[in-house]
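Tertiary structure, described
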2 protein chains.
Amino acid sequence: MVGLDSAALDAVKLLATRRLPGIVVTETDGRPYTVLPASQVVRFLVPGYVQDDPSLAGVLGESLADRMSDQLAGKTVRSLLTDDPAELPSVAADDNMIEVAAAMARLRCPLVAVMDNGKLTGVITASRLLELALGAR
Amino acid sequence: MVGLDSAALDAVKLLATRRLPGIVVTETDGRPYTVLPASQVVRFLVPGYVQDDPSLAGVLGESLADRMSDQLAGKTVRSLLTDDPAELPSVAADDNMIEVAAAMARLRCPLVAVMDNGKLTGVITASRLLELALGAR
């Protein structure tokens, strides 16, 4: 997880090096705020002139890494989010698996935040929940 | 990847055992059709009466594994998809990274299908693309 005011480049490095599909973004007081999906950061790899005219994507010399650090330098995680960030479902540490599945299904979110006494103690991914459900036979 | 007419339970087992956030669904001729996200399968864990009244989620005896196999027995992958399945972006095996990023950013999809001579040869995830972009420094 990363804070809303963390450096954008640090969040991207976490997504990249751990190969995460997304990362939990927390408010300054530590409460979970939303998820930043890796797919949402990828747009910072695409130069503006390619966004305007996709046919130009094939004719490019500039390095991706330079583009990424240029675009993200000095920015915070907050600036990577869309105007309407996804609601992150949360469950209590003592909720049962049906409650977790219901929270996840309601928002179709690939992960839920697990809260214990107002603190984020972890996350549960959809695939982990399926694994537990199948393994419990 | 799984075919549209594969057994639903096989697809769920793949998502669960390999902890995949999603799986590519192919048409009967092998062309990629869409992605089935693990988060979309989780709803089959939730009994109808809990979907109607979430407050009942806490009072449950039945095993999750039984519910899952009951609900998915005899069903195909096609029946797990929503009415409006997400478009899966695809790129050519010799496209450059900007082209891949542009395809992914356009549909905000966490993965793209890589096609070579009309055949699906693999997928690239958003986090893998970020990893390559940072590593290329």
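Let me sum up the structure you'll find in this document. All values reported here derive from a predicted model rather than from experimental measurement.

**What to know about the sheet that holds strand β4 (residues 90–92) of chain B**
Residues and elements named next belong to chain B. As summarised here, the arrangement of the 3 strands in space is β4-β5-β6, forming an open sheet in which the pairing is mixed. Edge positions in the open sheet fall to β4 and β6 (119–125), since each of these has one partner strand only. Between one strand and the next, the sheet's axes are offset by a mean angle of 35°, whatever the strand orientation. Relative to strand β5 (residues 111–116), β4 runs parallel, the two being bridged by 3 bridges. Along β5, the bridge assignment pairs V91 with V114. Along the sheet face, helix α5 (residues 97–107) touches β4, β5 and β6 and points at about 130° away from the line of β5.

**A few points about the packing of α5 of chain B against helix α6 (residues 126–135) of chain B**
Residues and elements named next belong to chain B. Interhelical geometry of α5 versus α6 gives an angle of 145° and a closest axis separation of 11 Å. Where α5 crosses over α6, the two elements pack in a sense that is left-handed. Along the contact surface, α5 presents M97, V100, A101 and M104, while α6 presents A126, L129, L132 and A133. Looking at the contact of α5 with α6 residue by residue, the classes come out as 8 nonpolar, no polar and no charged.

**Topic: the sheet that holds strand β5 (residues 111–116) of chain A**
Residues and elements named next belong to chain A. In spatial order, the strands read β4-β5-β6; together these 3 strands make up an open sheet with mixed pairing. This sheet does not close on itself; its edge strands, each paired only once, are β4 (90–92) and β6 (119–125). With direction set aside, neighbouring strand axes in the sheet form an average angle of 35°. Strand contacts of helix α5 (residues 97–107): β4, β5 and β6, with the helix running at about 130° to β5, the strand carrying the most contacts.

**Some thoughts on the environment of R43 of chain B**
Among the secondary structure elements, R43 of chain B is positioned in the loop between α2 (38–41) and α3 (48–52). Spatially, the C-alpha atoms of R43 of chain B and L130 of chain B are 30 Å apart, while their sequence positions differ by 87 residues. Setting aside chain neighbours within four positions, we find R43 of chain B in contact with A105 of chain A together with Q51, L80 and L81 of chain B. One polar contact links the side chain of R43 of chain B to the main-chain carbonyl oxygen of L80 of chain B, over a distance of 3.1 Å.

**Things to note about α5 of chain B**
Residues and elements named next belong to chain B. Those residues of α5 not exposed but buried are I98, V100, A101, A102, A103, M104 and A105. Where α5 starts, the residue carrying a side-chain oxygen 3.0 Å from the main-chain nitrogen of I98 turns out to be N96. Of the residues flanking the end of α5, it is R108, one or two places downstream, whose phi is positive at about 50°.

**Digging into the state of the cysteines**
Going through the model one piece at a time under the given rule, you end up with 0 disulfides over all chains. Left without a disulfide partner, C109 of chain A is nearest to the cysteine sulfur of C109 of chain B, which lies 16 Å away.

**Here we look at the relation of the copies chain A and chain B**
When chain A is fitted onto chain B, the two copies agree to an RMSD of 0.0 Å after a turn of 180° and an axial shift of 0.0 Å. Expressed as an axis order, the relation between the two copies is that of a two-fold axis. Residue P21 of chain A, judged by its C-alpha, is the member of chain A lying nearest the rotation axis, at 3.8 Å. An overlap of 100% is found between the interface residues of chain A and their copies at the interface of chain B, pointing to a shared contact surface.

Analysis parameters
Residues numbered from 1 in each chain as written. Chains lettered and ligands numbered in written order. Predicted model: local features only at pLDDT ≥ 70, side-chain atom pairs only at ≥ 80, totals over all residues. Heavy atoms only, no water. Pairing = 2+ DSSP bridges. Helix = DSSP H or I, 4+ residues; strand = E, 2+ residues; numbered from the N terminus. Axes fitted to C-alpha atoms, helices over the stretch in contact; angles between N-to-C directions. Contact = heavy atoms within 4.5 Å. Left-handed = near helix turned anticlockwise from the far one by under 90°. Nonpolar A, V, L, I, M, F, W, Y, C, P; charged D, E, K, R; others polar. Polar contact = N/O pair within 3.5 Å; in protein donor to acceptor, adjacent residues only side chain to side chain. Buried < 20%, exposed > 50% of the residue type's maximum accessible area, 1.4 Å probe, protein only. Disulfide = S-S within 2.5 Å. Least-squares fit on C-alpha atoms with pLDDT ≥ 70 in both.

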